[in-house]
Amino acid sequence: MNARRATPWVICALLFAGVTGMGLRRHAEHQLQLTHGDTLWRLTYDVDFRAEKSTARVRVAFPNDAKTCRVFRQDVSYAGMRAERLRPSALPSRELGFAASRGEHNFSARFDIHLSPRARFRSSASDTTLTADARAELLHGTPALQTSDPAVVQTLQKLRAGAGKNGNFVQKVFEHCRSELEPGDPALPQDAAAVLQRGTATPLGRVRAFVALCRAAKIPARLVTGFEVKEALQAQPHTWAEIFSDKAWEPFDPENGFAGEIPHTFLAVRHDGGDVVRTTGAKQVHTGYSIVRLPSGLGAYRAAHRSLLGIVDLTRLPLEMHEAMMLILLLPLGGLMTAIFRTIIGIRTFGTFTPTLIALSFIFADWRTGIVVFLAVLALGLVSRSFLDRLKLLMVPRLSIVLTLVVLLICLSVSLLDYIHLTPSAQAVLLPMVILTMTIERFYLASEEDSVRFALQLLTGTVVVGVCCYLILRWGAVGRMLLAYPEMHFFTIAVLILIGRYTGYRLTELFRFRDFLATKPGPDSPPP
Amino acid sequence: MIRHLKDWFWIRPRELHARGVLGINRRNGDFVLPVNPRSHYPRVDDKLFTKRICEPRGIPVPKTYAVIEKQGDIRKFVELIHGQQEFVIKPGHGSGGRGIIVVARHDGSTFHTPGGNQFNLADLRYHVSTMLSGLYSLGGQADCALVEQRIICHDVFQSVAVGGTPDVRVILYRSVPVMAMVRLPTRGSRGRANLHQGAVAAAVHLHSGETFGGVCKNRAITVHPDTGAPVAGLQIPYWDKLLAAASGLSDALEMGYIGVDFVLDATQGPVVLEANARPGLAIQIANRQGLVPRLRFIDAQPPEQLAPPRRMELVPALAAIP
């Protein structure tokens, strides 16, 4: 079939598919209802601090998916700070680290949480085995949980004397911490030994005593900090304990009297005790938390039963995947941008996907570091080219030498940046380097097969289109929309088909052929 | 005043359309994509293949003295060239004239270039060996070396070619010549006849073979920038023979939209240098004419008019399209 005639039909079919897909999705969402008993909440963190040193660090614990809770939306803002990837720990908590320069800073985060009493979500971490190392860690004493202090040991012996098997023993410890310790003055020291000696404790002191006693009795125990989810404009974090017995963690809350089971509204945020927000090198730290109940809205109902249709629903994936998915879904728009620049404006680039890939590598890198690295590598490449030319080497070894020099330069630059306290993250270095090497190879081939001027022209074009692609990839709102409705890319395909059939003039041609205005029509030569 | 400024910087699409200028999108979408089968492109890029098609059909090409495809053949180089005193060695898949050696005379062990340089047999063998390894080929792929006849340029271009050999490019659509130009090297293009690199092009009247117009770096010109001599008014010798050869090659390559490059030898006349599947559009600036009316004219012809015996009758009509 003639391409000219087929095109409108294909476009219509794509538009139809896109609109139908979106319509069906919205319809399905409206049909689902929030199960009776489930609730939606919004937890907000607001942290203000002042960094004294230029290497102040903040570590914030985020709520994670568990059996009774699912975080379905997250917005974090940390202007003026740099996010750092922390090593993944075996704990079920999520923690994010930030580095801040000197001065006042504010960090805020918002989490939309779906709580269900019926424990039907898939937990994101399975926490049923304890390695020997982890076990040893959880039996160890710490400055606040002294396991070898006389006060702790004495209390332990006293309790042991009256207990039978281990299970009963834990109950006795629990009872002791719950009833034998009077509510006390927060100004007094609240570590386990002091509390047991004094006989008075705040809620934190109470649970510390519990954990210290369990650890002294060789039962792995840990402090868990979280929130009791109920409407509160000034919510306070609450700390309870968990002990490991019979291949599972059992929660205990001596303050509120929960033993072995806690209500599903207790949202755990950090599993290694202490505060939700930890800082080093920062002063005047003010933390504020608030919890608000959300009306039943879209975005939270993911049915417990698995249906095949769930596969087309990308928001079903855990929150960590969302960011990666949004980035991937924005890549075709980068391709669209390259097509518009080339076919309609007339700016040519190295390859079709190079600008999009360059933009992608800048997303992970800090763009300032990225530009410095880019320019340095390019300069090195151009300089070494003139030397390598003289050696008259074959192409593949020649380009590999360029790669080797680029690698050495990048390692040196990373070390230099670290020396002046501007350490880039690992991702900031790896991805840009791979893409830069590809670009340099093409630059060389272009400068050899055509001319350096032409190669520079292509390079400028690639950078210009790359910058536009970068701006698109940073466009969170569109990314979220594409995540919710991936069928919108049928529209992208439709637009690309239209561009592919475009046979009009490019904008650069209006400039290139401008002499047709000055010259008269027809050949100015004698007639044949 | 603003209007005058605007006119100087760019031209409106409507005006370009009225002059029938072919833009690159239209060239690709309406002409190249439909009539140039992608599978035939490698034929066009391969100089050896092009030569092997031309020879049986009597299309003049530089005489091939030897083709060296294996490293082992390099040792027998002197025997392979059968005592030819002057020759040119070029890479089979080269571009832009890189790697070409021209030998004016030799005695089996010392070789002299036209410029007066000399080198010995070992140097020559090394150069050919690197050629085979792909040092000068497009994309660095392994290549062959062609040893062929040295073209002595016809003296009609003496006043307008600086530092290199000019060539004549003819664009053919459905094997009918539609437009032609001669590309003249300059100092700026370092002796290469490549418009991207600064060479000058003069249009060639399709019917008479006389030059007119002129373009350099996308601007219309009338004199050669280095010598100051006018580029118009030169008569290309053996013009009809050139057009017929171009048409025959286009048929043999089975490509519908193609550019064929010729070099004019002092004794032999036009010889085919190479073919180009995506010829550039600056030829329109040289001719001061758009390609679209001519291409449409050909599309409007009945099939029997486009067949080999009758297609050259279209040339005068094409040349006269305003």
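Analysis parameters
- Residues numbered from 1 in each chain as written.
- Chains lettered and ligands numbered in written order.
- Predicted model: local features only at pLDDT ≥ 70, side-chain atom pairs only at ≥ 80, totals over all residues.
- Heavy atoms only, no water.
- Phe/Tyr/Trp six-rings, centres within 6.5 Å; stacked < 30°, edge-to-face > 60°.
- Helix = DSSP H or I, 4+ residues; strand = E, 2+ residues; numbered from the N terminus.
- Buried < 20%, exposed > 50% of the residue type's maximum accessible area, 1.4 Å probe, protein only.
- Contact = heavy atoms within 4.5 Å.
- Buried area = accessible area lost by both parts, 1.4 Å probe.
- Salt bridge = Lys/Arg side-chain N within 4 Å of Asp/Glu carboxyl O.
- Polar contact = N/O pair within 3.5 Å; in protein donor to acceptor, adjacent residues only side chain to side chain.
- Nonpolar A, V, L, I, M, F, W, Y, C, P; charged D, E, K, R; others polar.
- Pairing = 2+ DSSP bridges.
- Axes fitted to C-alpha atoms, helices over the stretch in contact; angles between N-to-C directions.

Colleague: Could you give an account of the packing of aromatic side chains, with specific residues and numbers?
Modeller: Residues and elements named next belong to chain A. Going through the model one piece at a time under the given rule, you end up with 20 aromatic pairs over all chains. Considering the side-chain rings of Phe 62 and Phe 111, the 5.0 Å spacing of their centres and the 65° angle between planes classify their relative orientation as edge-to-face. Of this pair, Phe 62 sits in strand β2 (residues 56-62) while Phe 111 sits in strand β6 (residues 103-115), placing them 49 residues apart in sequence. Here Phe 62 and Phe 111 have matching classes, each one buried.

Colleague: Tell me about the interface of chain B and chain A, and please be specific about residues and values.
Modeller: In this assembly, 47 residues from chain B lie in contact with 35 residues from chain A. Taken over both partners, the interface formed by chain B and chain A buries close to 3800 Å², and the fraction arising from carbon and sulfur atoms is 57%. Among the residues of chain B in contact with chain A, B:Ile11, B:Arg19 and B:Asn25 are the three that bury the most area, contributing 16% of the side total. For the interface between chain B and chain A, the tally reads one salt bridge. Between A:Arg4 and B:Asp30 there is a salt bridge, with the nearest N and O atoms lying 3.7 Å from each other. Linking chain B with chain A are nine residue pairs in polar contact (both at pLDDT 80 or more). Elements with a contribution of two residues or more to the side of chain B that touches chain A: α1 (2-9), α2 (13-18), α3 (24-35), α7 (121-132), β12 (219-220) and α9 (283-287) of chain B. No other element matches α3(B), which puts five residues into the side of chain B that touches chain A. Here the side of chain B that touches chain A is composed, by residue class, of 18 nonpolar, 19 polar and ten charged.

Colleague: Provide a residue-level description of the side chain of B:Thr113, including the pertinent values.
Modeller: Checked against the element boundaries, B:Thr113 lands in the loop between β5 (110-112) and β6 (118-120). A relative accessible area of 16% places B:Thr113 in the buried class.

Colleague: Go over the sheet that holds strand β11 (residues 211-216) of chain B with me, naming the residues and quoting the values.
Modeller: Strands pair in a sheet through their backbones, by hydrogen bonds, and they do so in one of two ways: parallel or antiparallel. All names here are of chain B. The antiparallel open sheet is built from seven strands, whose spatial order is β12-β11-β10-β9-β8-β13-β14. The strands lining the two open edges of the sheet, one partner per strand, are β12 and β14 (269-276). Relative to strand β9 (residues 176-184), strand β8 (residues 167-173) runs antiparallel, the two sharing seven bridges. The residue bridging Ile 171 from the neighbouring strand is Met 179, located in β9. Contacts between α3 and the sheet are confined to β8 and β13 (257-265), with β13 contributing the most and set at about 80° to the helix.

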